[in-house]
Amino acid sequence: MSSNMSKLKPVILSVMTASVLLSACGGGSSGATSPVQDTVPAGVVVDKTIYSAQANGSLTGAQENAATTAHTLNINGDSLQYHATAGHLHARALSSGAPQAAFFYVAYTLDNQNLGTRPVTFFYNGGPGSDTVWLHLGSFGPQRLATGIPSMQLNGNFKLVDNSESLLKVSDLVFVNAIGTGYSQALAPNTNQNFWGVDVDAAAFRDFVLRYIEVNARKDSPKYLFGESYGGTRTPVLASLLEMAGTRLEGLVLQSPAMNYNDDCALAPSANAYCGGLFPTLAATAHFHQKIISKPTSLDSYMQEMRDFNVQTYSPALAQWIFSNQLPSAPLLQNLSDYAGLTTEVWRSHFDMAPVYYRKNLIPNFTLGRLDSRMLADNNSSLASNGADPSFNYIKPGFAQAISSYLHDQLKYWGDAPYVLESDALSSWNFKHAGQDYPDVVPDLGAAMTLNPKLRVVNMNGYHDTATPFLSSELELSRLKMSSRIAIRNYAGGHMTYLDDATRAQQVADLRAFYQGQLSTTSAYAARPILAS
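Chemist: I'd like to hear about the overall build of the protein chain, residue by residue, with values.
Modeler: On a plain count of helices and strands, the protein chain comes out with 13 helices and 18 strands. Considering the protein chain as a whole, with its 533 residues, one finds that 60% of them fall into the buried category. As presented, the protein chain carries roughly 19,600 Å² of accessible surface, and 50% of it is formed by carbon and sulfur atoms.

This is how it looks when you write it as structure tokens:
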């Protein structure tokens, strides 16, 4: 999520007030209100509960209701018959069994399958405070929004289409909304804020997963977790908690993960974080916008060259500059300019190049996207005003409109409450973890892989993502010394690589191979640069 890690006010949308709220979002699609029904058709679940995204939100007397509908998806000549279930399950405390939170989820299950061998995958976005609509309607579900990314020609008018790249062919899919998003909320006496922290959030997700497994008889099913952005922070902690609770996992998918907030300037909580791992992403961005001298034919090979340059030249010089005040040489500054654009004078004054400055200065009068630096908007436009991220602002209204109508019209879940795309959880999130003020979850991932020697991981990043740079993910994972069980895959695209049509086809091929145990673990690991005085 997208703009998952940016601090935004709650974005809410209801079926009955879509057009009004979308205009307030400054967005691309005009929303249509749903007609008032005199009678409720068979199979429809009407949810009159008013959910709150506020920190003190708390439910009493909530039910575990769900709507179930039958569907067909055609993928390359295969007709997949499946059921969709949209509703709530209550996460129960592991120690007492007491209901703690009502999680809203949408599950897609293929008909007539052996549950003992059929995989099930739990998807969630990040934020903190982001709903899972981005993965749900953007990635590998049965239907997706056709965005045309990186083009911005559709103006947010995205059509919902059958998804030929759905993972339903290889796994049942469960899209879970974090507490305080969608229709998920804490159950009294708890409040939403009781679950707004690294450890308590992961524990609540553990309890939801265990509840889903229990209710749906999935104890013997191969189980996967798929987390994006802060969801990639959650996944290692959640995996470790599930393994300790005796629930074995088959695999983890880390989509543009944020794994170490202490060592990455793109996440920026720590004054000690530096931007060396961002440089190849800047070079990919300059390559896309034709701001470099050379014209490499292959983006993959260019990124390997940039990895080598970063590890062997740029990061060591950056360390000397940070700790010894040793100024960069003229040839190095020229290299930086040649590889990533901007002048040598700019690089001299911004040697530890921050992503915000780069996005605002590579192309005069335009701001590049944070989540996808291939996308840009005029500084005077609503998409880029006040330092906003045009790549997120472009997609947000279309997704907001689509999720409400999709739940109402196709999944037959009629909610009276506004559907929350983003809560304000980030403003009060407790980032403390393992004795640090900000999380480093790489040790949690290592613990889960140690507890389960068969656990496999695939990390997927976009070359044009300045929020969670691909090289930073590689360098963090290299700490584990478990490359035989970790596959690295990088693609043209931003934070949400799956929004790019060409990339999504490559990504789903890799994912299907991963589920089948056939994805090569050869990777682009680089030697980890050490910054020390």
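Chemist: Please set out the packing of helix 4 (residues 230–244) against helix 11 (residues 442–451) residue by residue, giving values where relevant.
Modeler: Axis separation between helix 4 and helix 11 bottoms out at 8 Å; the angle between their running directions is 30°. As judged from the angle between their axes, helix 4 and helix 11 are roughly parallel. As helix 4 packs across helix 11, the resulting crossing turns out to be left-handed. Contacts between helix 4 and helix 11 pair Pro 236, Val 237, Ala 239, Ser 240, Glu 243 and Met 244 from the former with Asp 444, Leu 445, Ala 447, Ala 448 and Leu 451 from the latter. Broken down by class, the residue content of the contact of helix 4 with helix 11 amounts to eight nonpolar, one polar and two charged.

Chemist: Could you give an account of unusual backbone geometry, naming the residues involved and the relevant values?
Modeler: Leaving glycine aside, a negative phi is the common case for residues, and trans is the common case for peptide bonds. Residue Pro 128 is bonded to the preceding Gly 127 through a cis peptide linkage, with omega at -5°. Considering the arrangement of structural elements, one finds Pro 128 in the loop between strand 6 (120–124) and helix 2 (133–138). The omega angle of the peptide bond from Ile 149 to Pro 150 is 15°, so this bond is cis rather than trans. When you line up the elements, Pro 150 lands in the loop between strand 7 (143–146) and strand 8 (159–162). Even without glycine at this site, Ser 229 takes up a positive phi of about 60°. As for its position among the elements, Ser 229 is in the loop between strand 11 (223–228) and helix 4. By relative accessible area, which is 0% here, Ser 229 ends up buried. A positive phi is found at Gln 290, a non-glycine position, where the angle reads about 55°.

Chemist: So what about the packing of aromatic side chains? Which residues, and what values?
Modeler: Tallied over the full model, the rule gives 35 aromatic pairs. Here Phe 123 and Phe 226 contribute two aromatic rings whose centre-to-centre distance is 4.7 Å and whose plane-to-plane angle is 25°, an arrangement assigned as stacked. Of this pair, Phe 123 sits in strand 6 while Phe 226 sits in strand 11, and the two are 103 residues apart along the sequence. Comparing Phe 123 with Phe 226, the two get one shared label, buried.

Chemist: Just give me the short version of helix 10 (residues 390–409), but keep the residues and values in it.
Modeler: Across its 20 residues, helix 10 extends 30 Å between first and last C-alpha, which sits within 8% of the 28 Å expected from 1.5 Å per residue. In the structure, helix 10 departs most strongly from a straight axis at Lys 396, where the bend amounts to approximately 30° and where the proline Pro 397 lies between one and four residues downstream. Of all the 20 residues making up helix 10, 18 are buried; the element is thus mostly covered by neighbouring parts of the structure.

Chemist: Report on the environment of Ala 425, specifying residues and quantitative values.
Modeler: Relative to the helices and strands, Ala 425 resides in the loop between strand 16 (419–422) and helix 11. Taking the C-alpha atoms as reference, Ala 425 lies 7.6 Å from Gly 180; in sequence the two are 245 residues apart.

Chemist: Mind laying out the pattern of salt bridges, listing which residues take part and the relevant values?
Modeler: The full count for this structure, using the stated rule, is 20 salt bridges. With a closest N to O distance of 2.8 Å, Arg 211 and Glu 64 form a salt bridge. Taken as a pair, Arg 211 in helix 3 (residues 198–215) and Glu 64 in the loop between strand 2 (45–47) and strand 3 (66–75) lie far apart in primary sequence, 147 residues in all. For Glu 64, a relative accessible area of 29% gives the class partly exposed.

Chemist: Account for the environment of Arg 489, with residues named and values stated.
Modeler: Relative to the assigned elements, Arg 489 resides in strand 18 (residues 486–491). Take Arg 489: its relative accessible area is 15%, and that puts it in the buried class. In this structure the C-alpha to C-alpha distance between Arg 489 and Met 460, which are 29 residues apart in sequence, comes to 4.9 Å. There is a polar contact of 2.8 Å between the side chain of Arg 489 and the backbone oxygen of Ser 520.

Definitions and limits used
Residues numbered from 1 in each chain as written. Predicted model: local features only at pLDDT ≥ 70, side-chain atom pairs only at ≥ 80, totals over all residues. Heavy atoms only, no water. Helix = DSSP H or I, 4+ residues; strand = E, 2+ residues; numbered from the N terminus. Buried < 20%, exposed > 50% of the residue type's maximum accessible area, 1.4 Å probe, protein only. Areas by Shrake-Rupley, 256 points an atom, 1.4 Å probe, with all protein chains shown as cover. Axes fitted to C-alpha atoms, helices over the stretch in contact; angles between N-to-C directions. Parallel < 35°, antiparallel > 145°, perpendicular 65-115°, else oblique. Left-handed = near helix turned anticlockwise from the far one by under 90°. Contact = heavy atoms within 4.5 Å. Nonpolar A, V, L, I, M, F, W, Y, C, P; charged D, E, K, R; others polar. Phe/Tyr/Trp six-rings, centres within 6.5 Å; stacked < 30°, edge-to-face > 60°. Expected span 1.5 Å × (residues − 1). Bend = angle between axes of the 7 residues up to and from the residue. Salt bridge = Lys/Arg side-chain N within 4 Å of Asp/Glu carboxyl O. Polar contact = N/O pair within 3.5 Å; in protein donor to acceptor, adjacent residues only side chain to side chain.

Geometric descriptors of this kind do not, in isolation, establish any biological role.
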